[in-house]
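Geometric and topological summary
Listed below, chain by chain, are the residues.
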Amino acid sequence: MSEANIRNHGFLKSELVSDKMFGTGSKLPRTIQKSGKKLKNYSNTMLSIIIPTLNEEKHLPSLLASIQKQHLENYEVIVADANSTDSTVTIAKKFGTLVTGGGLPAKGRNEGAKAAHGTLVFFLDADVVLPEDFFKNGLEEFHKRCLDIGSFRLVPMPQSNLSLFFMNAFYNYPIIVLEKILPHAAVGILVKKELFDI
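Residues numbered from 1 in each chain as written. Predicted model: local features only at pLDDT ≥ 70, side-chain atom pairs only at ≥ 80, totals over all residues. Heavy atoms only, no water.

1. Quick look at the overall build of the protein chain
- Secondary structure summary: the protein chain contains 6 helices and 10 strands in total.
- Counting contacts in the protein chain only where the partners sit at least 6 residues apart, residues at least 24 apart contribute 79% of the total.
- About 10,100 Å² of surface is accessible on the protein chain, with carbon and sulfur atoms providing 54% of the total. (Helix = DSSP H or I, 4+ residues; strand = E, 2+ residues; numbered from the N terminus. Contact = heavy atoms within 4.5 Å. Areas by Shrake-Rupley, 256 points an atom, 1.4 Å probe, with all protein chains shown as cover.)

This is the structure in structure tokens:
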């Protein structure tokens, strides 16, 4: 990605990675909560992808295009918009997403979840891009490990040693190290809707 993909506040655009983990040899999503129950009819599980937005016209097209390239049949994309003043909503509609009212990230996620029909809900920030087979790998791992909630590591775009160092030091490694003590995640969170609705 080019310099134009760097957010105004200085953070790098990121790519979610569903099949690699630093230092553990295990695959992602990382376990945050585990019930031991596998999803019924795993191959037909509907996924609701919820993207909170506020003036994301520069980032949203790349994300939505990367979602369309996934080998995923049973899904919906919901853009929960916080009254964008740019063309975010128009772009979302051109990609065939459901647009609902939102708010800043937490409220946007909640409003999007209210409109979701999926068994699984995937909360996703607008400034990420999904690599090829992201959902195939991530959903297989989620099912195989009987997860209720999971998250993913990030790779900065454009990638340099410095940007990778900062992404690992301040995002990826803390999530791994604190997983059993203080579980947390951001940017990409996959959760069973029944847990979110509790």
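2. Quick look at the packing of aromatic side chains
- All chains considered together, the criterion is met by 7 aromatic pairs.
- Plain terms: the ring middles of F122 and F152 are 5.7 Å apart, the flat faces sit at 80° to each other, and that makes the pair edge-to-face. With F122 in strand β6 (residues 120-124) and F152 in the loop between β8 (147-151) and β9 (153-157), the pair connects residues that are 30 residues apart, well separated along the chain.
- Since its relative accessible area comes to 4%, F152 is described here as buried.
- Residues F134 and F135 carry aromatic rings whose centres are separated by 5.3 Å and whose planes lie at 75° to one another, so their mutual orientation is edge-to-face.
- Classification of F135 as buried rests on a relative accessible area of 3%.
- Chaining the aromatic ring pairs together yields one cluster made of F122, F134, F135 and F152. (Phe/Tyr/Trp six-rings, centres within 6.5 Å; stacked < 30°, edge-to-face > 60°. Buried < 20%, exposed > 50% of the residue type's maximum accessible area, 1.4 Å probe, protein only.)

3. Observations regarding the pattern of salt bridges
- For the structure shown, the criterion picks out 6 salt bridges.
- The residue E111 makes a salt bridge to K114 at a minimum N-O spacing of 3.1 Å. On the criterion of helical spacing, the pair formed by E111 and K114 is a turn pair, its members being 3 residues apart in helix α3 (residues 105-115).
- Using a relative accessible area of 63% as the deciding quantity, one classes K114 as exposed.
- Here the residues in one salt-bridge network are K107, E111 and K114, joined through shared partners. (Salt bridge = Lys/Arg side-chain N within 4 Å of Asp/Glu carboxyl O.)

4. A few points about the confidence of the model for the protein chain
- Residue-level pLDDT values for the protein chain average 78, and 77% of them are 70 or greater.
- Across residues 1-33 the pLDDT falls below 50, and counting only partners more than four positions away or on other chains, this stretch makes 116 contacts in the model. (pLDDT = per-residue confidence, 0-100.)

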